[in-house]
Amino acid sequence: MKIVVLGAGAWGTALAMGAARQPGGHSVALWARDGQQVADMQARRQNARYLPGIDFPPALSVSGADPLALARSADLVIVATPMAALRSMLLALRGCPAPVAWLCKGFEAVASADSGSYGLLAHEVCAQVAPDLIAGVLSGPSFAQEVARGQPTALVAASRHALVRDALVAAFHSPSLRVYANDDIVGVEVGGAVKNVLAIATGLCDGLNLGLNARAALITRGLAEMTRLGVALGARPDTFMGLSGMGDLVLTATGDLSRNRRVGLLLAQGQTLQQAVDSLGHVAEGVYCARTVAQRAAGLGVDMPITQAVVALLDGQLASADAVGLLMGRDPASELR
Ligand SMILES: NC(=O)c1ccc[n+]([C@@H]2O[C@H](COP(=O)([O-])OP(=O)(O)OC[C@H]3O[C@@H](n4cnc5c(N)ncnc54)[C@H](O)[C@@H]3O)[C@@H](O)[C@H]2O)c1
Ligand SMILES: O=P(O)(O)OC[C@H](O)CO
């Protein structure tokens, strides 16, 4: 297969390397918008900024050419930018005949004056700006560094189109990377977005040394609120028991490689949000989508107390030390509702 990966951050680069190592012999073009980064990656055969020390396989080429021109000759196009750049990337890909899949996990962060809507999931953005694309998402519990090193990982390819699911499996399924298929794109995207917000909460919890009981409670009740939102948006409940729901929540909420979890840990140390974000050097999607998760939930009448506490914390309306009191002080409730 000819695979084009648009975006050379940590995750796009790791997946491009994984596909280029396939014994079947895919040819993979990794695109970056920054000409200097393109030249650097071509010279070093590494992505020194995002995955230093890991060599590119021979079947991986680096390009700064026009994305649509690259995409037109591909069998599969991967959009590997953060959520904030998805809309512009999909606009640029209008008319692309190949299957397209994005990797970003979030809701759009801001009101979009030209679209008249806000807080969209990725497939909703696609329906708005490029409805003719045959598209889907690749998600699941996966730290880029581990995939780049070929460590065992399982992902989920979600789309309403079998063509997209099949292309993602053919491109990435390998002895070190299992790719499962799911047609519930709403559920897969909600899981990938909300787990980032919940990982900020568990990072905060661990940074404040609240204990393992507290962390288990946050993860479990977080899964409940993620599921409530997903079901209200049309997802299947079972999807939240899978890789993109519980799987990614457990990984991100407990793994110190997570940027979102690290934001919570840094806030617990007394850093400001800006200091925490600046020190990462990578995108932490939960910071940008927490408010929109809360807005969409409120619009649907879905109760998401952990998300609301994270929003209050990020907005500076709640001190780290007071967040636990807010959550523990709520009225008794039934576990299943
Ligand atoms: N890193 C991971 O382990 C991982 C795993 C699964 C999913 N994801 C998701 O994948 C997405 C990308 O994450 P990442 O880790 O690669 O981010 P990153 O911070 O490592 O890199 C982001 C990349 O996107 C590029 N970019 C930003 N805006 C752009 C634009 N307008 N046009 C083109 N390129 C642009 C940046 O230059 C950078 O190369 C996020 O939504 C993240 O949640 C990341
Ligand atoms: O580093 P994070 O918090 O963006 O998480 C990375 C991946 O989404 C984990 O699956």
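Numbering of residues starts from 1 in each chain and follows the order in which that chain's sequence is written. The naming scheme follows written order: chains are lettered A onward, ligands numbered 1 onward. Residues qualify for local features only when their pLDDT is at least 70, as the model is predicted, and side-chain atom pairs are given and counted only at 80 or more; totals for whole chains, interfaces and linings, by contrast, use all residues. Hydrogen atoms and water are omitted, and side-chain values are computed over all heavy atoms in the structure.

So what's going on with the UniProt feature "binding site: NADPH" (unreviewed entry) in the protein? Residues and values would help.
UniProt positions are given in the numbering used here, feature names are shortened, and annotations may be inferred rather than shown by experiment. Sequence positions flagged by UniProt for "binding site: NADPH" (unreviewed entry) are, in local numbering, Trp11, Arg33, Tyr50, Lys105, Ala144, Arg259, Val283 and Glu285. Across 275 residues, the annotated set is spatially dispersed, with a maximum C-alpha separation of 22.6 Å. For tyrosine 50, the position within the fold is in the loop between helix H2 (35-44) and strand S3 (60-63). When checking whether two residues touch, look at their non-hydrogen atoms; a contact exists if any pair is within 4.5 Å. Discounting residues that sit within four places of it in the chain, tyrosine 50 has contacts with Ala8, Gly9, Ala10, Gln37, Gly281 and His282. Only DSSP runs of H or I reaching four residues or more are called helices, and only runs of E reaching two or more are called strands; each is numbered from the N terminus.

Describe the side chain of lysine 105, listing the residues and the values that go with them.
Its place among the elements puts lysine 105 in the loop between strand S5 (100-102) and helix H5 (122-129). Partly exposed residues are those whose accessible area sits between 20% and 50% of the maximum for their type, while under 20% is buried and over 50% is exposed, using a 1.4 Å probe and protein chains only. Residue classification places lysine 105 among the buried positions, given a relative accessible area of 13%. Counting of polar contacts relies on pairs of N or O atoms within 3.5 Å, with two restrictions inside protein: one atom must be capable of donating a hydrogen and the other of accepting it, and residues adjacent in sequence are counted only when both atoms are side-chain atoms. Separated by 2.7 Å, the side chains of lysine 105 and aspartate 248 make a polar contact. Beyond its immediate sequence surroundings of up to four residues, lysine 105 is in contact with Ser139, Gly140, Ser142, Gly192, Ala193, Lys195, Asn196, Asp248 and Glu285.

Please give an account of the layout of surface pockets that cites residues and values.
Within this scheme a cavity is a closed region of a 1 Å grid, computed over the protein atoms alone, that accommodates a 1.4 Å probe without allowing it to escape, whereas a pocket is open but has protein on both sides within 12 Å along at least five of seven lines; lining residues each have an atom within 4 Å of a point. Grid points are joined across faces, edges and corners, and a volume is the space filled by probe spheres set on the points. Considering only enclosed or pocket space, the second largest pocket measures out at about 660 Å³ in volume. Looking at the second largest pocket, it is lined by 27 residues, and the ones nearest its centre are Leu218, Arg221, Ile306, Leu327 and Met328. Listing elements by their share of the lining of the second largest pocket, those giving two or more residues are helix H8 (185-207), helix H9 (212-232), helix H14 (305-314) and helix H15 (320-328). The greatest single-element share of the lining of the second largest pocket, amounting to six residues, is contributed by H9.

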